[in-house]
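Letter by letter, the chains look like this.
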Amino acid sequence: MQIQVNTDNFIHGDERVIEVAKAAVQNDLGHMDERLSRVEVHLKDQNADKHGPDHILCTIEARPRGMDPMSAHHEAADIQAALKGSAKKLRTRLSSVFEKASAHR
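Residues numbered from 1 in each chain as written. Predicted model: local features only at pLDDT ≥ 70, side-chain atom pairs only at ≥ 80, totals over all residues. Heavy atoms only, no water.

Enquirer: Tell me about helix 2 (residues 79–103), and please be specific about residues and values.
Expert: Given a rise of 1.5 Å per residue, 25 residues ought to cover 36 Å, and the 36 Å separating the end C-alpha atoms of helix 2 matches this to within 8%. All buried positions along helix 2 are accounted for by Ala82, Leu83, Gly85, Ser86, Ala87, Leu90, Leu94 and Phe98. At its buried positions, helix 2 is contacted by helix 1 (15–29), strand 2 (36–45), strand 3 (56–64) and strand 4 (70–76). Measuring from the backbone nitrogen of glutamine 80 back to the side-chain oxygen at the start of helix 2 gives 3.2 Å, which picks out aspartate 78 as the cap. (Helix = DSSP H or I, 4+ residues; strand = E, 2+ residues; numbered from the N terminus. Expected span 1.5 Å × (residues − 1). Buried < 20%, exposed > 50% of the residue type's maximum accessible area, 1.4 Å probe, protein only. Contact = heavy atoms within 4.5 Å. Polar contact = N/O pair within 3.5 Å; in protein donor to acceptor, adjacent residues only side chain to side chain.)

Right, dumping it as structure tokens:
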């Protein structure tokens, strides 16, 4: 599974951010590694230079083999919480789709 991390102009996509993003994806989606070809993480600071609650938006898009892409997003006060929230939502969604596909075989 290839993991790509994208950030906007207000979030510096340094090695630490990339490491945290990849760890969040591996933690929640790693067991689906064989069923996913690529996962893209998009981090955006919605308030830019302003401060406030829930200003980081994380969208994670997974590309399951032989299926249409699926995504989930989560807003939080910091990058790590946004990553964890969106990864958990996407894991739940993918698990449901994979279970339904297995039941129909």
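Enquirer: Quick rundown of the sheet that holds strand 1 (residues 2–7)? Include the residues and the values.
Expert: Taken together, the 4 strands give an open sheet; going across it, the order is 1-2-3-4, and neighbouring strands pair in mixed fashion. Edge positions in the sheet fall to strand 1 and strand 4, since each of these pairs with one other strand and no more. Between one strand axis and the next, the sheet turns by 15° as a mean value, whatever way the strands run. Judged from the 9 bridges that link them, strand 2 and strand 3 form a sheet pairing that is antiparallel. Bridge pairing in strand 3 links valine 41 to isoleucine 60. Contacting strand 1, strand 2 and strand 3, helix 1 runs over the sheet at an angle of about 135° to strand 1. (Pairing = 2+ DSSP bridges. Axes fitted to C-alpha atoms, helices over the stretch in contact; angles between N-to-C directions.)

Enquirer: Tell me what's going on with the packing of helix 1 against helix 2, and back it up with residues and numbers.
Expert: Helix 2 packs onto helix 1 with a crossing angle of 25° between their chain directions and a minimal axis gap of 9 Å. By the criterion of interaxial angle, the relationship of helix 1 to helix 2 is roughly parallel. In terms of crossing hand, the pair formed by helix 1 and helix 2 is right-handed. On helix 2, the residues touching Val17, Val20, Ala21, Ala24, Asp28 and Leu29 of helix 1 are Ile79, Gln80, Leu83, Lys84, Ala87, Lys88, Leu90, Arg91 and Leu94. (Parallel < 35°, antiparallel > 145°, perpendicular 65-115°, else oblique. Left-handed = near helix turned anticlockwise from the far one by under 90°.)

Enquirer: Explain the pattern of salt bridges residue by residue, including any values.
Expert: Here the structure, examined in full by the defined rule, presents 5 salt bridges. Notably, a salt bridge pairs arginine 91 with aspartate 28, separated by 2.2 Å at the nearest N-O pair. With arginine 91 in helix 2 and aspartate 28 in helix 1, this pair connects stretches of sequence that are 63 residues apart. Residue aspartate 28 is classed as buried on the basis of its relative accessible area of 8%. Residues joined by salt bridges that share partners form a network here, namely Arg38, Glu40, Glu61 and Arg63. (Salt bridge = Lys/Arg side-chain N within 4 Å of Asp/Glu carboxyl O.)

Enquirer: Could you give an account of the nonpolar core, naming the residues involved and the relevant values?
Expert: Note that soluble globular proteins tend to have their nonpolar side chains buried in a common cluster. Counting residues in each nonpolar core, the largest one holds 27 residues, and the members touching the most others are Leu29, Leu36, Val41, Ile60, Leu83, Leu90 and Leu94. The set of elements that each furnish at least two residues to this core consists of strand 1, helix 1, strand 2, strand 3, strand 4 and helix 2. For isoleucine 60, the residues in contact, after removing those within four places along its chain, are Val25, Val39, Glu40, Val41, Met70, Ser71, Ala72, Leu83, Ser86, Ala87 and Leu90. (Core = buried A, V, L, I, M, F, W, Y, C linked by side-chain atoms within 4.5 Å.)

Enquirer: Account for the confidence of the model for the chain, with residues named and values stated.
Expert: Where the model shows low pLDDT, its predicted coordinates should not be examined in detail. With 93% of its residues at a pLDDT of 70 or more, the chain shows a mean pLDDT of 92. Across the chain, strand 3 holds the top mean pLDDT of 97, while helix 2 sits lowest at 94. (pLDDT = per-residue confidence, 0-100.)

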